[in-house]
2 protein chains.
Amino acid sequence: MYLDLTMPLDEKTPVYPGDPKQQIEQIATVAKDGWAEKRLTFNSHLGTHIDAPSHMIEGGKTLDDFPIETFIGEAIVVTLGDISAVKKDDIVFFNTNHTKNAYDPGFFQNNPVLSTKLAEKLVELGVKIVGLDSFSPDKEPWPVHKVLLAHDILIVENLVNLDQLLGKRFMCYILPLKIKDGDGAPCRVVANV
Amino acid sequence: MYLDLTMPLDEKTPVYPGDPKQQIEQIATVAKDGWAEKRLTFNSHLGTHIDAPSHMIEGGKTLDDFPIETFIGEAIVVTLGDISAVKKDDIVFFNTNHTKNAYDPGFFQNNPVLSTKLAEKLVELGVKIVGLDSFSPDKEPWPVHKVLLAHDILIVENLVNLDQLLGKRFMCYILPLKIKDGDGAPCRVVANV
């Protein structure tokens, strides 16, 4: 069975305060043009997306510096309080339930955060991707982003449905838009459970 | 081993004649803003993408009408001349090598096409997705699109690297951007071979 861990992309998808909002426009319709087509405008870090090292690290790797295998692997969902089941090369997802508030005015405030110490422990363990069901694992000035990205550990943000997988291990497919030199990209995330 | 069947998205990605071109803009940099971010503007049918029935059929299903399992399954790569190995529920990819010309001026002319008869045969066989390494399985007025989409068979266009998989069967992951009411969406396509 497959479970979709991706937030829908629409006019409501929340945008970090200060960033320009997305636009979705119907530029052709079957009735008038013979086919339907939309024109989309959005930031590379909208909705469920992945951060490359170059998002925060000057001269850091972009998404196309990683082989496609990087985005596929064994994932485990844990809480911020217990990472004892995490192993080398894991994709680690933290269940915080914060994206359940994605459409509330307070979404970008009071988000649960990883400590820098926890981020360093994940580096030590040698995980390959860290994700969570919140817009960020930290707050400005982004200490956790910097620790993880400096070690080429990718970060997946705005996941959903993690509560359904708490404590489980599964194959996970985190497939980003193939944007050249991407500092990040929206991705579709699917769990095989 | 995984093989990426996706075309890169950049300024050069070819756009169907008459459609507006994509724009990729660096709206923030680490040096100036503390993080790097791009702003992307493009059509829902740019690059390697999937067509939903609503792309050509008035009132047809959109991408979010399909369960996530639709986008994952057993795929086979065949030629336009021989579909004898194709089975019910297959993802069928036709190797034409036409996307090798993607950056040539003649790309949108003289594309290899499926016959309407072949499209009807695929409907009869009960395949779930038809894809190819060209921008379209047909030419205006799009008879093959209409036969397949009218039967809720999705179409994947602008694949690459199919020549490496000719005659092979493999699990394939065709994960589109989760655009609400999508008449189509860019997708990342990965073969497990």
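Residues numbered from 1 in each chain as written. Chains lettered and ligands numbered in written order. Predicted model: local features only at pLDDT ≥ 70, side-chain atom pairs only at ≥ 80, totals over all residues. Heavy atoms only, no water.

### Remarks on the relation of the copies chain B and chain A
Move 1: If you rotate chain B by 180° and push it 0.0 Å along the axis, it lands on chain A with an RMSD of 0.0 Å. What the superposition gives is, in effect, a two-fold axis relating one chain to the other. Among all residues of chain B, the minimum C-alpha distance to the rotation axis is found for Thr41 of chain B, at 2.1 Å.
Move 2: Interface overlap between copies: 100% of the residues of chain B at the interface are likewise at the interface in chain A, consistent with a symmetric, same-surface contact. (Least-squares fit on C-alpha atoms with pLDDT ≥ 70 in both. Contact = heavy atoms within 4.5 Å.)

### Regarding unusual backbone geometry
Residues and elements named next belong to chain A.
Move 1: The step from Glu140 to Pro141 runs through a cis peptide bond, and the omega angle for that step is 5°.
Move 2: With respect to the secondary-structure elements, Pro141 resides in the loop between strand E7 (129–132) and helix H3 (143–150).
Move 3: In this structure, Asn161 is a non-glycine residue whose phi angle is positive, near 70°.
Move 4: Here Asn161 lies in the loop between strand E8 (154–157) and strand E9 (169–176). (Helix = DSSP H or I, 4+ residues; strand = E, 2+ residues; numbered from the N terminus.)

### Here we look at the sheet that holds strand E3 (residues 37–43) of chain B
Sheet strands pair by backbone hydrogen bonding; their relative direction is either parallel or antiparallel.
Move 1: The strand order E2(A)-E3(A)-E3(B)-E2(B) describes an open sheet built from four strands, whose pairing is antiparallel. Edge positions in the sheet fall to strand E2 (23–28) of chain A together with strand E2 (23–28) of chain B, since each of these pairs with one other strand and no more. For this sheet the average axis-to-axis angle between neighbouring strands, irrespective of direction, equals 15°.
Move 2: Two elements, strand E3 (residues 37–43) of chain A and E3 of chain B, share five bridges in a ladder whose sense is antiparallel. Within the sheet, the bridge partner assigned to Phe42 of chain A lies in E3 of chain B and is Leu40 of chain B. (Pairing = 2+ DSSP bridges. Axes fitted to C-alpha atoms, helices over the stretch in contact; angles between N-to-C directions.)

### Regarding the packing of aromatic side chains
Residue and element names in this part refer to chain A.
Move 1: In total, this model carries 18 aromatic pairs over all chains according to the counting rule given.
Move 2: Ring plane angle 65° and centroid distance 5.4 Å describe the contact between Phe107 and Phe135, whose orientation is recorded as edge-to-face. Here Phe107, found in the loop between strand E6 (91–94) and helix H2 (116–125), pairs with Phe135, found in the loop between E7 and H3; they are 28 residues apart in sequence, far enough to count as distant. For the residue pair Phe107 and Phe135, the accessibility class agrees, reading buried in each case. (Phe/Tyr/Trp six-rings, centres within 6.5 Å; stacked < 30°, edge-to-face > 60°. Buried < 20%, exposed > 50% of the residue type's maximum accessible area, 1.4 Å probe, protein only.)

### Focus: the confidence of the model for chain A
Move 1: Scored by pLDDT, chain A has a mean of 98; 100% of the residues are at 70 or more.
Move 2: The ipTM assigned to the predicted complex is 0.97, against a pTM of 0.98. (pLDDT = per-residue confidence, 0-100.)

### Some points on the interface of chain B and chain A
Move 1: On the side of chain A, 52 residues touch chain B, which itself brings 52 residues to the contact.
Move 2: Together, the buried faces of chain B and chain A total about 5,000 Å²; carbon and sulfur atoms form 60% of this surface.
Move 3: On the chain B side of the interface with chain A, the three residues burying the most area are Arg39, Lys178 and Arg188 of chain B, jointly 16% of the side's total.
Move 4: Taken together, the connections running from chain B to chain A amount to two salt bridges.
Move 5: Here Asp4 of chain B ties to Lys178 of chain A by a salt bridge, and the two come within 3.0 Å at their closest N and O atoms.
Move 6: Where chain B meets chain A, there are 30 residue pairs in polar contact (both at pLDDT 80 or more).
Move 7: It is E3 of chain B that provides the largest number of residues to the side of chain B that touches chain A, a total of seven residues.
Move 8: Partitioning the side of chain B that touches chain A into residue classes produces 27 nonpolar, eleven polar and 14 charged. (Buried area = accessible area lost by both parts, 1.4 Å probe. Salt bridge = Lys/Arg side-chain N within 4 Å of Asp/Glu carboxyl O. Polar contact = N/O pair within 3.5 Å; in protein donor to acceptor, adjacent residues only side chain to side chain. Nonpolar A, V, L, I, M, F, W, Y, C, P; charged D, E, K, R; others polar.)

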